[in-house]
Amino acid sequence: MASPKTVWYLSILLVFCCSLEKQDCLETPNVTSEESPTDGSQVPSREKREVTANLSEKILISPISSVLTITEINITTAILSEKIGEVELDITNIPAELIDVLKASVKYLTYPILISSVLNITEINITTACYQNSIGFQCRCEDQYGWSCDQCSSYGSCDDIIDGKICGCVNAVPSNGQFCQPITNLTACPSPTTPAVPSNISGRIIEIELDMTNISVTLVDVLKASVNGLTYPILISNVLNVTDVNFTTACYPNSTCRCEDQYGWSCDQCLSYGSCDSIADDSCGCIKAIPPDGPFCQPIPDLTACPTPSPIPVTAILSEKIGEVELDITNIPAELIDVLKASVKYLTYPILISSVLNITEINITTACYQNSIGFQCRCEDQYGWSCDQCSSYGSCDDIIDGKICGCVNAVPSNGPFCQPIPDLTACPTQSPIPVSTTKQTTASSTTPTTPSIPTTKQSTASSTTPTTPSVNTLNLQFTMDITFNSTFNDENNAMFKDVDQTIRDVYKRNMRGFISAKLNRFKSGSVISDFTVMTTIVDNEEIAKAKDDIVSTIGGKYKIRFTCLNNTIFGNGQVNEIVVANCKSDEVGYKTAICQENGTFSVRENNCVLKEIENLFLLSQTLVGTDLPGFLERLRNSTFNLLDRIVASPATISIIVDILKNVANVSRSTPINKPLMTNFLETAGVLTSNGAKASWDVLNTNLTKNENSVFLGTFETISNFLTNDFFDIETPSIILNKTSVNNSVNNSFNLNSSVLIDIPASEASFNSITIITFDSLNNVLPARNSSSLNDSVNSINGKVVLVKVNGTIKNVTFSFAVLNETLGNPQCVFWNFSLFGGLGGWDDNGCELQSDEDRTVTCHCNHLTSYSILMSPFIPDAFRAALDFITYIGVGISMGCLVVCLIIEILVWNAVTGNNTSYMRHVSIVNIALSLLIADIWFIIGAAISEYDQKNVPACSAATFFIHFFYLALFFWMLVSGLLLLYRTVMVFSHMSKPAMLAFSFFLGYGAPIIIAVITIAVTAPVKEYIRDNDGVCWLNWTESMALLAFVIPALTIVVINLLILIVVLYKMLTRGVGDVTQPDERNAVVVIARCLAILTPFFGTTWGLGVGTMTNPENLGIHIVFAIFNSLQGLFILVFGTLLDKKIREALTGMSQVSSNRTRTTNATTSSTSGLGFFRIRRRNIFNISAAPTYSTTGASETFINT
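> Outline the sheet that holds strand β16 (residues 256-259), supporting the account with residue identities and numerical values.
An order of β15-β16-β20 is seen for the three strands of this open sheet, with the pairing classed as antiparallel. The sheet is open, and its two edges are formed by β15 (249-252) and β20 (286-287), each paired on a single side. Relative to β20, β16 is paired through two bridges, and the arrangement is antiparallel. Of the residues in β20, the one forming a bridge with R258 is C286.

Here is the structure:
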């Protein structure tokens, strides 16, 4: 371990200097380092020294390694300067002899060493060495360096005073951070008398054993060459020289020890331990053991002769090898890595290692980085991964040159790194995608032709690259907004020539692989240019670029304009033009859209598949049993890492279904154990999640494909080939139980309290049973049954359970817990894969309903497969149609009545709002009518949204929010009327100002409803429990979140409050009389308010009480009918009891009728201009209410006069 550390420390010095240049430092740095002793002791930091002053800036640099930390760099002004950099190295585990070698190597380097154009190293000196002993540290100085007199005194000298100035060793690491200083800079101090030393010269051979277990052969060779290139003798001190260093012996883990050149094992050692090569002269060069007595190989001249076998002739062959070295760069800054790359790149080759070994080239090929999900390994320039590695580990970039990828999603387990691109063989490429973008632009034209584009799936894992590129013909169009003339199609026509030449020029300069382009003809419909382009390469981006080029070239001349502009995916397009766009960079496939007249693109097809999933599909086509563990682990990880994108992509879901099908087919020859099945179920569970429901709805509308049946079929297949052991697997969406069966008693299996299976003992002719329970397979399988391909009434209302036994069974009972209690009419069904020509559907053949009670449906079947229950709304279709008719007609009548009510209020407003009570009464009735009218409008919108097979969740949520808000506003304005009545009867002589009453009324009437509505949607919408999901109706959810209570509780509470107010008011009126409990001029308003509340409050309360009944008892047809009738009469009741029965409103309407009649007679005798003025005079009429309130009577009279 010692020698590579030595080489590494020297490399650090050079790389550090280079990194300073890279950071734009123009002067030599002063470096302060810290040493971390291995024993955990703390070593004080050293003080920095520098030659120049004028300190201007400090840069802090993070650690370089565990033993070398650059804590500070001081930068001086940008002038030519010299600095002394001090570097501290940890040499704890390095033998002293190797340290001496390092010192000699540094000493005999040739200076200056050019680092860059502005940075040289003029000298490197080793000054100080600190060693740990039993009592602490000793720090010794090298030749020409010493400790000052005061440091020798302070820390204690551990040698003699030299030259009367200094000591060479102190008994501690100085706390002030100073190292040994040049002797010439030190002041003299008294020194003790030096004892006489006998001048005997002696030689000694020292043997050193190095552990090179983890060091590559290449680095060992470098170390040998470095030692052989040293110049001897090497002066260690004035009394010690190294005259020679030789490598003698190398022992390997296989217990063989080989000698270096000029060294060998003695004859007796060769015979004792066994020679592993030929005997040469007096020795052998290799033995089959490590001698326990310790001697290493000896110089051959010193060995005694022994018999040797005849030498085996060896032919010296010049050979070349490629050595791969892997470096851990986890904690190394990117800047230093760049410096290392640049340093390697600009080395001069060959580099002589020994007489028989040269380094001819060094290249950095591969860099592996860790990310959030694992590793990515990228290749450097001119290197790449082979096709099979790209497929095996997943490519994280595009295929290059049809041969390779530059990045894979793992560190290859087999070890090879990136290879030179010329050495890599081509890999299969997909056939070019033929694209047709036929466009038609008039409303009367036929439906645009969809481009003919193959799917991204490949039927085989690989294919040979065609020798001759295929020719693709593109039929394209663009529209010119000019009048068509048949002469345009004359090939000699100037416009024909111009357009033809432009098409040819534009596509030639924009498309690779261009062969030809030709204008075929002009067609009517404005003028449609129909042309053909032939090319060997079809690139949708190039097609779009050429289209834009045509518009910019001749668009102004021939009025070629885009309707859809600057779409980030599809670019530009003309009306009815079908545009094909590429997928994202990490996807394969294509997507198409049509440009609409409103200037937006409508997506027609999206076949984009994630590249990682596509690569897994290709691998699955050649999958064998031995590859299953790694493959399923990768599939599971990829599915979880890309979950959000997978569930939102129908094309990707379809590919994963095919992958699972291929895995199930492999299981026929390879039994599936618990770990393999766990990965399989967790992958499949992602596809059944609620987030994938919208994608499955898209797939299920395509009646030419049967992905849902294939998906369920994979479980039918793989469950037949599980290993013989029993096990349970529970994932978030799917539970598997494989267990034993008792043949002597009835067997009952309770699956998570949702499905109960009973098998009689007489039917238990098998010893094991496999049960797979799906929590959310209703997201995958449509509810179509054997009688209807497009069944929009039934719903899957129980868990789906698959049962497999290793035998036959003809008597089994299933009990399903229902999911939605509002549904009825249960059907016991199984999935029949053969229905509808292989599409599959639910079938009840062989199954019958036994009971439906206590939220549990029990079925009896005479065979085993995948089972569930279908249920539908309780109300039959015929009655539902009648209810819909009543509802829509009634709501229409209600809306008409509300509009009439608002018109009347506008006409008589000035006549009936003479006092505060009347004013607030009419404000309340107007807002009640307005709230109900808007709520009914949103009710119609919500009903229209619900009619679609695919519910638009955002639109339905918006409709539900506004229905909720305005129905609540209706009730809260009813509460305002009730509080106004209570205020005017209980607090007769209290007067609140009109602005204060308005502020309070609007805050209560609209503020409280908006708070309740917002809180409801904020709490339930994020968990997708805001709207009803079982019957398609746009209204508050009841079964999951009970969000409907946010309407029912406030509404019924207000009904109760208003009834209590009525009781109080009626009590006061009966005990005191109407005149005593009201102001005389407000008596009529109070009576009308009381009458409205007495009638409307019970009516509204009854209506919405019936609404709650339809939720809790949905099978009761009578409740539905009565609720529909009451709901449709709300507007009529407001018009009658809130407006028409008000005497003052009737009087005002009668007065207006009389005035209108008088005005008509007057205009017969006047000019037209006079009649106009008369109209405005009538509009400015004044109304006076004169009331006579008797002092001692409870009755009164009032009259209304109209002053025109």
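> Please provide a residue-by-residue account of the state of the cysteines, values included.
Counted by the stated rule, this structure contains 15 disulfides. Note that C368 is cross-linked by a disulfide to C377, the S-S spacing being 2.1 Å. The chirality of the disulfide connecting C368 with C377 is right-handed, given an S-S dihedral of about 110 degrees. With a relative accessible area of 0%, C377 lands in the buried category.

> Give me the packing of helix α20 (residues 953-986) against helix α21 (residues 994-1020): which residues, what numbers.
At a minimum axis distance of 9 Å, the contact between α20 and α21 shows a crossing angle of 145 degrees. Seen along the crossing, α20 lies across α21 with a hand that is right-handed. Across the contact of α20 with α21, the residue classes break down as 22 nonpolar, four polar and no charged.

> Any details on the sheet that holds strand β11 (residues 169-170)? Residues and values, ideally.
With respect to topology, three strands assemble into an open sheet ordered β6-β7-β11, the strand pairing being antiparallel. Strands at the two margins of the open sheet, each flanked by one partner only, are β6 (128-133) and β11. Of the strand pairs in this sheet, strand β7 (residues 136-141) and β11 are connected by two bridges, and their pairing is antiparallel. Directly across from R140, in β11, lies its bridge partner C169.

> Could you give me a rundown of a nonpolar patch on the surface, with the residues and numbers involved?
Where nonpolar side chains cluster on the molecular surface, the patch consists of I1010, I1011, V1014, I1015 and V1019 and spans about 420 Å² of accessible area. One can find I1010 in helix α21.

> Could you give an account of the pairing of strand β41 (residues 727-730), naming the residues involved and the relevant values?
On β41, burial follows the alternation: F727 and I729 on one face are buried, whereas D728 and E730 on the facing-out side are not. Relative to strand β42 (residues 734-740), β41 runs antiparallel, the two sharing four bridges. Within β42, the position partnered with E730 by the bridge is I735. Taken together, β41 and the strand that follows it, β42, pair antiparallel across an intervening segment of three residues.

Rules and cut-offs
Residues numbered from 1 in each chain as written. Predicted model: local features only at pLDDT ≥ 70, side-chain atom pairs only at ≥ 80, totals over all residues. Heavy atoms only, no water. Pairing = 2+ DSSP bridges. Helix = DSSP H or I, 4+ residues; strand = E, 2+ residues; numbered from the N terminus. Disulfide = S-S within 2.5 Å. Buried < 20%, exposed > 50% of the residue type's maximum accessible area, 1.4 Å probe, protein only. Axes fitted to C-alpha atoms, helices over the stretch in contact; angles between N-to-C directions. Left-handed = near helix turned anticlockwise from the far one by under 90°. Nonpolar A, V, L, I, M, F, W, Y, C, P; charged D, E, K, R; others polar. Patch = residues over 30% accessible without salt bridge, like charges linked within 9 Å, V, L, I, M, F, W, Y side chains within 5 Å. Areas by Shrake-Rupley, 256 points an atom, 1.4 Å probe, with all protein chains shown as cover. Salt bridge = Lys/Arg side-chain N within 4 Å of Asp/Glu carboxyl O.

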